[in-house]
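Understanding the architecture of this molecule
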Amino acid sequence: MFTGLSAFPLTPMNEQGVDEGAFARLVEQLVAAKVDSIGALGSTGSYAYLSRIERSRVTQLAVEAAGNVPVMVSIGSLRTRDVLLLAEDAQKVGVKALLLPPVSYQKLTAEDVFSLYETVTANISVPLCVYDNPGTTHFEFTDELHGRIAHLPNVHSIKIPGVPEAPDQAKARVDRLRALIPEHVTIGVSGDVFAATGLNAGCQVWYSVIGGLFPKTALAITRAALSGNAKEATRLSESLKPLWALFTQFGGSLRVVATAAELRGFTHSPSLPLPLRTISGAGRQQIAAVIDELELS
């Protein structure tokens, strides 16, 4: 399950709770599109804003709606104790893999983070993906730390941030990491604007935000890159420049994708946990125009 397109859907919610029906429908459309795996409760899934009970329920809904498509779920939390409880909950309902970011409030050291992964990997029975996302966790992995963690039991993939824009630099970055990790551990790219470049540079999986809402669009890029058609993957990604520009304009992908989900009727408004809000006014009209122009599907 750690190759191809791993689609990360929103967890639609308001202050009364998770919109279970909308979430299930989002997962079902990913199944219909034939994504390779589904990443529930990632950053796009707002895991950090949910209680343990809510996270367990969303995980159960994802597994039920996904059918034969493998589900990976985030178990990130501030305390190792709580990470282990979340891992236990997720495994009980049948997830096929776990996604672990080193969430922090106090600044973490490399040894803190290694200890976290060492403890968790010794206490789980399903594969684990290392989630490297300094934009949300405020911790920056070194390649050397990735190498140490990748040799722990049950580690099967690393979800890295965006690669350099230049193809030769992107390949060099992926090659450096590849030299330090076991062959069975895949490297996955996140940061959708960098996906085609990362896949062309040797990443084996795209952990995708837009894949969670527009899976056919993301699959076209993924299939082109992994079949060796780097030129087509790049062309398809570059055709989405108006979307990538929106991500920059509005401070990241979450608000844009959540707004797009509301506009397309996949979710109701509001769909994000306060104080987060989707985009209104002229910005909302701009997003509507871009998703229509690009014919995202």
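Above this note sits the structure.
The shown structure was predicted, so the numbers you read here are calculated from the model rather than taken from an experiment.

1. Some thoughts on helix H6 (residues 143-150)
The element H6 is extensively covered by neighbouring structure, given that six of its eight residues are classed as buried. Packed against the buried residues of H6 are helix H4 (110-121), strand S7 (128-131), strand S8 (155-160) and helix H7 (167-178).

2. A closer look at the pairing of strand S6 (residues 97-100)
Side chains Ala97 and Leu99 of S6 all project onto a buried face; the interleaved residues Leu98 and Leu100 project onto the opposite face, where all are buried too. Pairing of strand S5 (residues 71-74) with S6 involves three bridges; the strand directions are parallel. The residue of S6 that forms the bridge with Met72 is Ala97. What joins S5 to S6 is helix H3 (residues 80-92), and the crossover it makes is right-handed. Sheet topology places S6 next to S7; three bridges connect them, and they run parallel. When the sheet's bridge partners are listed, Leu98 is paired in S7 with Leu128. Once the chain exits S6 it traverses H4 before rejoining the sheet at S7, and the crossover so formed is right-handed.

3. Some points on the pattern of salt bridges
Considering all chains together, one arrives at eleven salt bridges under this definition. For the salt bridge of Arg52 with Asp89, the shortest nitrogen-to-oxygen distance reads 2.6 Å. Of the two residues, Arg52 is situated in helix H2 (residues 52-66) and Asp89 in helix H3; the sequence distance between them amounts to 37 residues. Residue class for Arg52 comes out partly exposed when judged on its relative accessible area of 40%. Measuring nitrogen to oxygen at the nearest pair gives 2.8 Å for the salt bridge that ties Glu232 to Arg235. Taken as a pair, Glu232 and Arg235 lie in helix H10 (residues 230-238) at a separation of three residues, close to a single helical turn. We classify Glu232 as partly exposed; its relative accessible area is 26%.

The rules behind each value
- Residues numbered from 1 in each chain as written.
- Predicted model: local features only at pLDDT ≥ 70, side-chain atom pairs only at ≥ 80, totals over all residues.
- Heavy atoms only, no water.
- Buried < 20%, exposed > 50% of the residue type's maximum accessible area, 1.4 Å probe, protein only.
- Helix = DSSP H or I, 4+ residues; strand = E, 2+ residues; numbered from the N terminus.
- Contact = heavy atoms within 4.5 Å.
- Pairing = 2+ DSSP bridges.
- Right-handed = clockwise from strand over helix to strand, strands pointing away.
- Salt bridge = Lys/Arg side-chain N within 4 Å of Asp/Glu carboxyl O.

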